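# Remarks on the overall topology
As a plain string of letters, each chain reads:
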Amino acid sequence: MLFGKRILLIIGGGIAAYKSLELIRRSRERGALVRVVMTAAAQHFVSKLSAASLSGDKVYDDLFSLTDEAEMGHIELSREADLIVVAPATADLLAKMAHGLANDLAATVLLATDKRILAAPAMNVRMWLHPATRRNVATLLADGVRFVGPHAGDMACGEFGPGRMAEPAEIVEAAGVAVQGDTRLPLPAGLDLRHDRPLAGKKVIITSGPTFEPIDPVRYIGNHSSGKQGHAIAAAAASAGADVILISGPVAIADPVGMRVVHVTTAQEMYEAVVAQLPADIFISVAAVADWRIAEPAGQKISKSSAAPVLTTVENPDILASVAHRAQGRPTLVIGFAAETQNVIEHARAKLQRKGCDLIVANDVSSAHGVMGGTRNTVHLVTATGVVDWPTMDKEEVARRLVAHIAALLPAKTAGEKS
Ligand code: C5P
């Protein structure tokens, strides 16, 4: 499909630029004629000489080069190709494209072209998920720019998530498709952003924060849960396209955007709120639910002058266990958390069995670790088949990884249910 086609490859300045050299080679193997434009930043990562040797042509990089303009003006450069491929399409290049900037040769060619553009984004996960980049990508999609990738994975910057550039072989495939047909055709599989929304169409219920169990109208039994981890998971699930219902106990942090948030105070209220939202595809029980409540909270404030009160407690409903053991309408995936102060894995394994869930995310909340209320977390994923230890990371990062993990688990679980 690429045989005899002229590709103008614009190499942006990112670590993934080394893959673009391979892209040149693979495109030429398919019979394409490749001409290369490099940004100034790209030349920090790969040399013009490498790109020129592999493409068998000179590399263009200077908007104001007299020689280049005499040989072939930038307008001609932008029009003589059959397809423009931008790889890596950095956050900066996407922003320039979305806003029509023309302050270097690459941006000018992209603005001046009347040809199809295929972009292979590559950037840090936070940059890719940033609302500014989301807006730019949405604008470019509406303008008819096609995308291949990015994919989720471990990144050069040490983070994990969507942002890795598609592999050269995949970009060549996508280029073969993009160079055919009409831009108004539906986007071929793999060229849209759906891979970035792996939980699209899935309903996810998440509990977060503590519960407060009243002793009297002014006093309660509570715990140190801040809601940070649960809220971060809710935000990550919403970013992954899920329809999220966050059921939050009393917390001091703001409601995350892009979801329905139900505020509750007690474990009983949390239980009722969860049941009212069922059925769902996924239930993630992050809340630190009080195991007991005061049997009969006092109707009036207990006076200090009265005898020291004896508090009689009764057990609260176990929300996680009751959802996981539902005979009908059990969510496909039920995930619990286990906050432990000792024998973390052993207790988590027992909890997995007892509660009947599919996965327990165990964490050590002994005060030395500062998890409760803190911003970082060290978790272990405990399932019936084994334990996976994750390094210590920000709660947001735990959330993103967990959502990616859930998205990977879901198809197998769904298939298992059907068979
Ligand atoms: O038994 P334990 O409280 O350690 O279990 C922790 C897990 O169970 C968490 O996922 C928590 O949200 C859930 N849980 C619950 N309802 C309770 C107690 C715990 O859903 N009453």
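Calculation rules
Residues numbered from 1 in each chain as written. Predicted model: local features only at pLDDT ≥ 70, side-chain atom pairs only at ≥ 80, totals over all residues. Pairing = 2+ DSSP bridges. Helix = DSSP H or I, 4+ residues; strand = E, 2+ residues; numbered from the N terminus. Contact = placed C-beta atoms within 7 Å. Axes fitted to C-alpha atoms, helices over the stretch in contact; angles between N-to-C directions. Buried ≥ 20, exposed ≤ 12 C-beta atoms within 10 Å, placed from the backbone. Near = placed C-beta within 6 Å. Nonpolar A, V, L, I, M, F, W, Y, C, P; charged D, E, K, R; others polar. Domains from an automatic or database assignment. Expected span 1.5 Å × (residues − 1).

With that settled, the discussion passes to the sheet that holds strand E5 (residues 116–121). Strand order in the open sheet formed by six strands is E3-E2-E1-E4-E5-E6, with parallel pairing between adjacent strands. The open sheet terminates on both sides in strands that have one partner only, identified here as strand E3 (59–60) and strand E6 (146–147). Both strand E2 (residues 33–38) and E3 contribute to a ladder of two bridges, which runs parallel. Within E3, the residue paired with Val37 across the bridge is Tyr60. Packing against the sheet, helix H1 (residues 17–29) makes contact with strand E1 (6–11), E2 and strand E4 (83–89), and its axis sits at approximately 175° to E1.

Attention now moves to the pairing of strand E14 (residues 282–285). Of the two faces of E14, the one lined by Ile282 and Ile284 and the one lined by Phe283 and Ser285 are each fully buried. Sheet topology note: the strand E9 (residues 203–208)/E14 ladder contains four bridges and is parallel. When the sheet's bridge partners are listed, Ile205 is paired in E14 with Phe283.

Ser285, Val289, Ile319, Leu320 and Gly336 are the nearest of the 15 residues found near the ligand. Counting only elements with at least two residues in the shell around the ligand, the list comes to helix H12 (319–324) and strand E17 (333–340). Per-element accounting of the shell around the ligand gives the leading share, three residues, to E17. Grouping the amino acids of the shell around the ligand by side-chain chemistry returns eight nonpolar, four polar and three charged.

Here the protein chain is partitioned into domain 1 (6–196) and domain 2 (203–293 + 309–418). If you average the C-alpha positions of domain 1 and of domain 2, the two centres end up 41 Å apart. For the side of domain 1 that touches domain 2, the per-class residue count stands at three nonpolar, one polar and one charged.

Once that is clear, we can look at H1. For H1, built from 13 residues, the straight-helix expectation of 18 Å at 1.5 Å per residue is met to within 8% by its first-to-last C-alpha distance of 19 Å. Among the structural elements, E1, E2, helix H2 (48–55), E4 and helix H9 (168–178) are those in contact with the buried residues of H1. A positive backbone phi angle near 95° is found at Gly31, which sits one or two residues after H1.

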